[in-house]
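Residues per chain are reported as follows:
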Amino acid sequence: MHAEICYAECLLQKATLTFVQDENMISFIKGGIKIRTSYQIYKDCQHALNMSQGVSRDTDTFSQYEGGVKLGIGSFNLVSLYRSTETEGASSLADAAFGSLLQEFGLAQLREGAASHSLRAILCVLTLLLYHTYVCLILGTGEGNLVEAEALLEPYLEKFPKGSIILFYTARIAVLRGHFEKAQMKFVECINSQQQWKQIHHLCYWELMWCHSFQQQWREAYRYADLLCKESRWSKAIYVYQKAAILSMMSEEEVKKSGENVVELFRQVEGLKQRLAGKSIPTEKFAVRKSRRYSAAKPVKLIIPALEMMYVWNGFTIVGKRADATESLLVTIEKAEEELRKDPSEYTLQRPPFVYSIHSSLISEREENIQLHSCSRSENIHRCSCPTFLHHPSEFHPDDQCLVQMLKGLCLKHLGRLLQAELCFTQVVSSEKRIRYDHYLVPFTLYELGLLYKQQGDFTKATRYIEDAKLNYKDYSMESRLHFRIHAALNSLKGSPVSSP
């Protein structure tokens with residue numbers, strides 16, 4: 001059975017290395033097959049461990065075997081939790097309760113393995129760190145146990161203060177606590193600590209890009225996004241879209257200095273999309289759909305796209321730890337809101353770094369009958385040198401308004417201005433019938449509204465809104481990601497005292 005454990009571990013580690021090193025979609029298929037075989041072996045080993053009641057457990061041999069089983073079973077139970085959440089029909093109370101049991105059992109197994117003196121203790125620690133610092137944020141409500149993560153990391157930080165993986169997780173925890181400056185220093189230190197494994201550098205570039213984005217240091221964020229585009233192959237579509245989105249937040253002068261063409265970057269995204277087993281990656285699919293605004297001869301500019309992607313990766317939960325950064329984001333969002341309110345055509349045509357007109361193919365027959373706005377309505381339009389501009393709102397205007405209101409509500413919520421946040425969220429929900437393309441906005445806003453009511457202590461109302469997002473909407477962008485977050489939110493509401501509506 002020891003040989004079986006070793007073989008299962010080798011399959012699992014080989015699958016992980018395949019994901020990290022090959023950086024292409026074929027590797028995911030190969031890795032998935034290895035993981036399935038490994039899981040079957042771990043189940044057999046767990047059965048053998050449960051049957052060994054009369055065997056002495058004090059020997060080092062048994063301790064190593066037990067540590068291997070705890071690592072494998074704990075990891076796979078956490079994975080099974082998220083697989084069951086994504087599966088259709090997993091919405092019943094019994095399934096939700098079973099998913100919670102899987103999570104608790106998996107975490108308990110990993111904690112026991114991390115506390116042991118087996119060779120697999122460090123692997124249990126790294127798995128728990130991954131769960132608390134990434135899985136809980138991206139596929140949950142962002143409530144990872146950072147205290148436990150720091151406690152797990154501390155002994156290894158003392159032993160290996162210059163270890164690249166240790167430095168990386170130290171920096172990641174600093175990010176999640178809102179200590180962006182410290183995190184930036186640690187990520188740079190991690191990059192300089194070794195030159196052999198470039199994939200660690202790519203992870204650091206990704207994190208540094210977001211650290212600077214959280215602080216709206218767009219020039220530095222662009223630098224790391226550009227490095228990812230040039231060096232990494234994990235997801236070229238995401239990297240190019242992210243770079244174009246960051247450039248869209250910069251001034252016209254800064255974009256010119258970079259030598260980049262934002263329109264061409266957005267147009268590249270669709271051709272870089274990858275497919276896994278015939279299916280698109282949800283985040284890439286989202287980026288492709290958003291970038292299609294630029295596919296026309298006369299593109300329609302995206303509104304604050306870098307902040308929208310920040311929300312996709314649950315970045316507002318991180319920024320919310322810093323009141324100064326949140327206030328700064330709110331100012332940027334309110335500027336976009338004001339420009340949309342002043343003159344809907346002005347944002348589309350006048351916002352730097354580029355000036356665009358609305359392509360006739362993006363205008364419906366009904367909209368073609370709308371009278372064009374007079375140029376005297378805005379002095380900025382008078383300064384436009386292009387004679388082909390159409391001075392009326394684009395068909396994306398309601399979607400842009402709702403996106404701005406949702407992001408504004410998030411900032412207000414993290415600043416403690418809950419009533420104002422609620423008004424922003426309800427405005428999005430009430431505009432549901434006006435939204436033409438970004439249908440994901442309503443279910444995500446209902447989810448955020450539920451979290452807001454949870455924060456206010458109204459758990460009954462919170463559950464109702466979150467369940468509404470879960471049960472009454474489908475076929476929208478990043479649906480599975482929202483269902484993961486909903487599952488985590490509903491679990492956090494279990495056992496909460498019920499307040500009156």
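For the structure given in this document, a descriptive report is provided here. Worth saying up front: this structure is predicted, and the values here are computed from it rather than measured. (Residues numbered from 1 in each chain as written. Predicted model: local features only at pLDDT ≥ 70, side-chain atom pairs only at ≥ 80, totals over all residues. Heavy atoms only, no water.)

### Here we look at the overall build of the protein
Thought 1: Along its length, the protein carries 25 helices and 2 strands.
Thought 2: Looking at the protein as a whole, 54% of its 501 residues qualify as buried.
Thought 3: Residue pairs at least 24 apart in sequence account for 69% of intrachain contacts in the protein once pairs closer than 6 positions are excluded.
Thought 4: Carbon together with sulfur atoms contributes 55% to the accessible area of the protein, which is approximately 23,000 Å² in total. (Helix = DSSP H or I, 4+ residues; strand = E, 2+ residues; numbered from the N terminus. Buried < 20%, exposed > 50% of the residue type's maximum accessible area, 1.4 Å probe, protein only. Contact = heavy atoms within 4.5 Å. Areas by Shrake-Rupley, 256 points an atom, 1.4 Å probe, with all protein chains shown as cover.)

### Concerning the nonpolar core
Thought 1: With 126 residues, the main nonpolar core has Phe187, Met209, Ile304, Leu307, Phe316, Met406 and Leu407 as its most contacted residues.
Thought 2: Ranked by the residues each element gives to this core, the list is headed by helix α5 (residues 121–138), at 10 residues.
Thought 3: Those residues in contact with Leu307 that sit more than four places away from it in its chain are Trp218, Met249, Phe316, Leu329, Thr332, Ile333 and Leu407.
Thought 4: Judged by nonpolar contacts, the second largest core, of 13 residues, contains Ile5, Leu11, Leu49 and Ile73. (Core = buried A, V, L, I, M, F, W, Y, C linked by side-chain atoms within 4.5 Å.)

### Some thoughts on the packing of α5 against helix α7 (residues 164–176)
For any two helices packed against each other, one specifies the inter-axial angle together with the distance between the axes.
Thought 1: Their axes nearest at 11 Å, the elements α5 and α7 cross at an angle of 30°. By crossing handedness, the relation of α5 to α7 is classed as left-handed. In contact with Leu126, Leu129, Leu130, His132, Thr133, Tyr134 and Leu137 of α5, α7 contributes Ile165, Phe168, Tyr169, Arg172, Ile173 and Leu176.
Thought 2: Taken together, the residues of the contact of α5 with α7 sort by class into 10 nonpolar, 2 polar and 1 charged. (Axes fitted to C-alpha atoms, helices over the stretch in contact; angles between N-to-C directions. Left-handed = near helix turned anticlockwise from the far one by under 90°. Nonpolar A, V, L, I, M, F, W, Y, C, P; charged D, E, K, R; others polar.)

### Structural notes on the pattern of salt bridges
Thought 1: Counting across every chain of the model gives 26 salt bridges.
Thought 2: In this structure, Glu112 and Lys70 form a salt bridge, with 2.5 Å as the shortest nitrogen-oxygen distance. One end of the pair, Glu112, is in helix α4 (residues 93–115); the other, Lys70, is in helix α3 (residues 60–86), and 42 residues separate them in sequence.
Thought 3: Given a relative accessible area of 42%, Glu112 falls into the partly exposed group.
Thought 4: Arg223 serves as the salt-bridge partner of Glu220, at 3.3 Å between the closest nitrogen and oxygen. Separated by 3 residues within a single helix, Glu220 and Arg223 lie in helix α10 (residues 218–231), roughly one turn from each other.
Thought 5: On the basis of relative accessible area, Arg223 is assigned to the partly exposed category, the value being 41%.
Thought 6: Three or more residues joined by partner-sharing salt bridges are found here, namely Asp226, Lys230, Lys243 and Glu260. (Salt bridge = Lys/Arg side-chain N within 4 Å of Asp/Glu carboxyl O.)

### Topic: the packing of α10 against helix α11 (residues 236–248)
Thought 1: Their axes nearest at 9 Å, the elements α10 and α11 cross at an angle of 160°. The angle between α10 and α11 places the two elements in the roughly antiparallel class. For α10 against α11, the interelement crossing comes out left-handed. Contacts from Trp218, Ala221, Tyr222, Ala225, Asp226, Leu228, Cys229 and Lys230 of α10 reach α11 at Lys236, Tyr239, Val240, Lys243, Ile246 and Leu247.
Thought 2: Across the contact of α10 with α11, the residue classes break down as 10 nonpolar, no polar and 4 charged. (Parallel < 35°, antiparallel > 145°, perpendicular 65-115°, else oblique.)

### What to know about α5
Because each turn of an α-helix spans 3.6 residues, side chains separated by three or four positions in sequence point in the same direction.
Thought 1: Between its first and last C-alpha, α5 extends 25 Å over 18 residues, near the 26 Å set by a 1.5 Å rise per residue.
Thought 2: Taken as a whole, α5 carries its principal kink of about 35° at Tyr131.
Thought 3: Every buried residue of α5 is listed here: Ala121, Cys124, Val125, Leu128, Leu129, Tyr131, His132, Thr133, Tyr134, Cys136, Leu137 and Ile138. (Expected span 1.5 Å × (residues − 1). Bend = angle between axes of the 7 residues up to and from the residue.)

### Things to note about the packing of aromatic side chains
Thought 1: Counted according to the given criterion, the structure contains 18 aromatic pairs.
Thought 2: A network of ring pairs unites the aromatic residues Phe180, Trp206, Trp210, Phe214, Tyr239 and Trp313 as a single cluster.
Thought 3: Lying over the aromatic face of Trp313, Arg481 brings its terminal NZ or CZ to 4.7 Å of the ring centre.
Thought 4: Its end group placed over the ring of Tyr311, Arg485 keeps NZ or CZ at 6.0 Å from the ring centre. (Phe/Tyr/Trp six-rings, centres within 6.5 Å; stacked < 30°, edge-to-face > 60°. Lys NZ or Arg CZ within 6 Å of the ring centre and 35° of its normal.)

### Digging into unusual backbone geometry
Thought 1: Positive phi values are uncommon outside glycine, yet Gln216 reaches one of about 55°.
Thought 2: Looking at the secondary structure, you find Gln216 in the loop between α9 (198–214) and α10.
Thought 3: Looking at Gln216, the relative accessible area reads 15%, which means it is buried.
Thought 4: With a phi close to 60°, Asn314 is a non-glycine residue in the positive phi region.
Thought 5: Within the fold, Asn314 resides in the loop between α15 (305–312) and α16 (315–319).
Thought 6: On the basis of relative accessible area, Asn314 is assigned to the buried category, the value being 6%.

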